[in-house]
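If you want the building blocks of each chain, they are given just below.
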Amino acid sequence: MRVLPAIDLKDGQCVRLQKGDYGTAHKVAEDAVETARGFLAAGAELIHMVDLDGAKDGTHANYDVVRRVLRETGAAVRTMADVAAVLELGVSRVIIGSAAVKNPEFVREAVAKYGDRIAVGIDALGGTVRTEGWLRDSGEDYIGFARLMESYGVRTIIFTDIAKDGMLEGPNFEQLGRLRAAVSCAIVASGGVSTLSDIRRLRELGIEEAIAGKAVYTGALDLAAAIGEAK
């Protein structure tokens, strides 16, 4: 199992939200590059970066920040051109979120071309998938949608319970357990991861990766210790 520290970008700044509410955005770090360096120094093998502006309105406002992080440390994706552009930045995998719900065939095409460099983000509230930066309820059941994505060849699903995001209350183990039982692809748990006990329990559930955000920035979770616990 791996722990992925998170850098969420809005207006070029590192921020965190509570329960996906853009109105709660607050700055948590001065510089994305220095934040990434700190994560790498703590032993992180992969950093989870989210372009909040892109997720909401499809802009690429934070691509320069992502490019700078990649260059100095060694986005919303809606079209094949977007996928290519993000991969050209040097990232290891691209996450398709809202577009996967609106146009599932896009996911099939992306997976056919790029394989396991494509992941699908499933952001759920009350068991249904949200889109447009978590603002719109698609009505899609998260389990059924995950099965559909796996049938298209998706090998990694990033699951977020929006109600847990930024709340430091632990992940939604019940929903994650149901998801683990429903699909065989890799699952990345996001939202609420805040203690070593959370990491341990996720590992025991068979979850392959966990994203840690607010807990790392507040100091509630020591990143190096979490990485050690995951292994």
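Our structure's up above, just so we're on the same page.
Once a new chain begins, its residue numbering starts again from 1 and follows that chain's sequence as written. Note on the predicted model: pLDDT of at least 70 is required for a residue's local features to be given, and 80 or more for side-chain atom pairs to be given and counted; whole-chain, interface and lining totals, by contrast, use all residues. Each side-chain value is derived from all of the structure's non-hydrogen atoms; neither hydrogens nor water enter the calculation.

Visitor: Would you mind going over the overall build of the protein with me for this structure?
Guide: For helices the rule is a DSSP run of H or I covering at least 4 residues; for strands it is a run of E covering at least 2, with both sets numbered from the N terminus onward. When its secondary structure is counted, the protein shows eleven helices and eleven strands. Here the C-alpha radius of gyration of the protein, 16 Å, is about what a compact globule of 231 residues would show, namely 17 Å. Dimensions of the protein along its principal axes, counting C-alpha atoms only, are 40 × 35 × 30 Å. The cut-offs for exposure are 20% and 50% of the maximum accessible area for each residue type, with area from a 1.4 Å probe on protein chains only; residues under the lower value are buried, those over the upper are exposed, and the others partly exposed. Out of the 231 residues in the protein, the part that is buried amounts to 52%. Atoms counted for the radius of gyration: C-alpha only. Globule rule: 2.2 Å times the number of residues to the power 0.38.

Visitor: How do you make sense of empty space enclosed by the protein when you look at a structure like this?
Guide: A probe as big as a water molecule, rolled over the atoms, marks out the empty space that is left. Approximately 60 Å³ is the volume attributed to the largest cavity. Taken together, Met1, Arg2, Val3, Leu4, Gly43, Ala44, Glu45, Leu46, Ile227 and Lys231 form the lining of the largest cavity. It is strand S1 (residues 2-10) that provides the largest number of residues to the lining of the largest cavity, a total of three residues. Tallied by class, residues from the lining of the largest cavity come to six nonpolar, one polar and three charged. A cavity, in this analysis, means grid points on a 1 Å lattice covering only the protein atoms where a 1.4 Å probe fits yet has no way out; a pocket is instead an open set bounded by protein on both sides within 12 Å along at least five of seven lines, and a residue lines either one if it has an atom within 4 Å of a point. Grid points are joined across faces, edges and corners, and a volume is the space filled by probe spheres set on the points. Asp, Glu, Lys and Arg are counted as charged, while Ala, Val, Leu, Ile, Met, Phe, Trp, Tyr, Cys and Pro are counted as nonpolar; the rest, among them Gly, fall into the polar class.

Visitor: So what exactly am I meant to see when it comes to the pattern of salt bridges here?
Guide: Where charged atoms from two side chains of opposite charge come close, those side chains can pair. Salt bridge, as used here, is a side-chain nitrogen of Lys or Arg placed within 4 Å of a carboxyl oxygen of Asp or Glu. All chains considered together, the criterion is met by 17 salt bridges. For Arg93, the salt bridge is made with Glu209, and the minimal N-O distance between the two is 2.6 Å. With Arg93 in the loop between helix H4 (80-88) and strand S5 (94-96) and Glu209 in strand S11 (residues 209-212), the pair connects residues that are 116 residues apart, well separated along the chain. Of the residues examined, Arg93 reaches a relative accessible area of 17% and is grouped as buried.

Visitor: Which parts of the structure should I look at to understand the side chain of Asp198?
Guide: Here Asp198 lies in helix H9 (residues 196-205). This count recognises Lys and Arg as positive and Asp and Glu as negative, with His and chain-terminal groups excluded. At 6.5 Å, Arg201 is the nearest oppositely charged side chain to Asp198, a buried residue that forms no salt bridge. Identification of polar contacts relies on pairs of N or O atoms within 3.5 Å, with a donor-acceptor requirement for protein atoms, meaning one able to donate a hydrogen and the other able to accept it, and with residues adjacent in sequence counted only if both atoms are side-chain atoms. A distance of 2.9 Å separates a polar side-chain atom of Asp198 from the backbone nitrogen of Ser194. Note on definitions: a residue-residue contact is assigned when non-hydrogen atoms from the two residues lie within 4.5 Å. Excluding anything up to four places from it in sequence, Asp198 contacts Gly170, Pro171, Phe173, Gly192 and Val193.

Visitor: Could you clarify how one ought to interpret the packing of aromatic side chains in this entry?
Guide: The geometry of two aromatic rings is summed up by the distance between their centres and the angle between their planes. Only rings of Phe, Tyr and Trp enter the pairing, Trp through its six-membered ring, and a pair is recorded when the two centres are within 6.5 Å. The plane angle decides the type: under 30 degrees is stacked, over 60 is edge-to-face, the rest tilted. Applying the stated criterion to the full structure yields two aromatic pairs. For the ring pair Phe39 and Tyr217, a centre distance of 5.9 Å and an interplane angle of 70° mean the geometry is edge-to-face. Given a relative accessible area of 21%, Tyr217 falls into the partly exposed group. Aromatic side chains Tyr142 and Phe159 sit 5.1 Å apart centroid to centroid with 35° between the ring planes, which places their arrangement in the tilted category. Linking Tyr142 in helix H7 (residues 142-151) with Phe159 in strand S9 (residues 156-161), this pair joins segments that are 17 residues apart in sequence. Sitting over a ring, as applied to charges here, requires NZ of Lys or CZ of Arg to be within 6 Å of the ring centre and within 35 degrees of the ring normal. Here the basic side chain of Arg108 rests over the ring of Tyr152, its NZ or CZ set 4.0 Å away from the ring centre. Looking at Arg201, its charged tip hangs above the ring of Phe173, at a distance of 4.0 Å from the centre.

Visitor: What exactly am I supposed to notice about the pairing of S9 here?
Guide: Note on strand geometry: in a regular strand, side chains alternate between the two faces of the sheet. Judged by how many residues are buried, S9 sits mostly within the fold: six of six residues are covered. Side chains Thr156, Ile158 and Thr160 project from S9 onto one buried face, and the interleaved Ile157, Phe159 and Asp161 project onto a second face that is buried too. Pairing of strand S6 (residues 118-125) with S9, which is carried by five bridges, proceeds in the parallel orientation. Within S9, the residue paired with Gly121 across the bridge is Ile158. A strand pair is defined by DSSP finding two or more bridges across the two strands. Strand direction decides the pairing type here: S9 and strand S10 (residues 186-190), joined by five bridges, are parallel. Following the sheet pairing, Phe159 is matched in S10 by Ala189. Assessed by its sense of winding, the connection that carries the chain from S9 through helix H8 (residues 173-182) to S10 is right-handed. Here a crossover is taken to be right-handed if, once the strands point away from the viewer, the path from the first strand over the helix to the second is traced clockwise.

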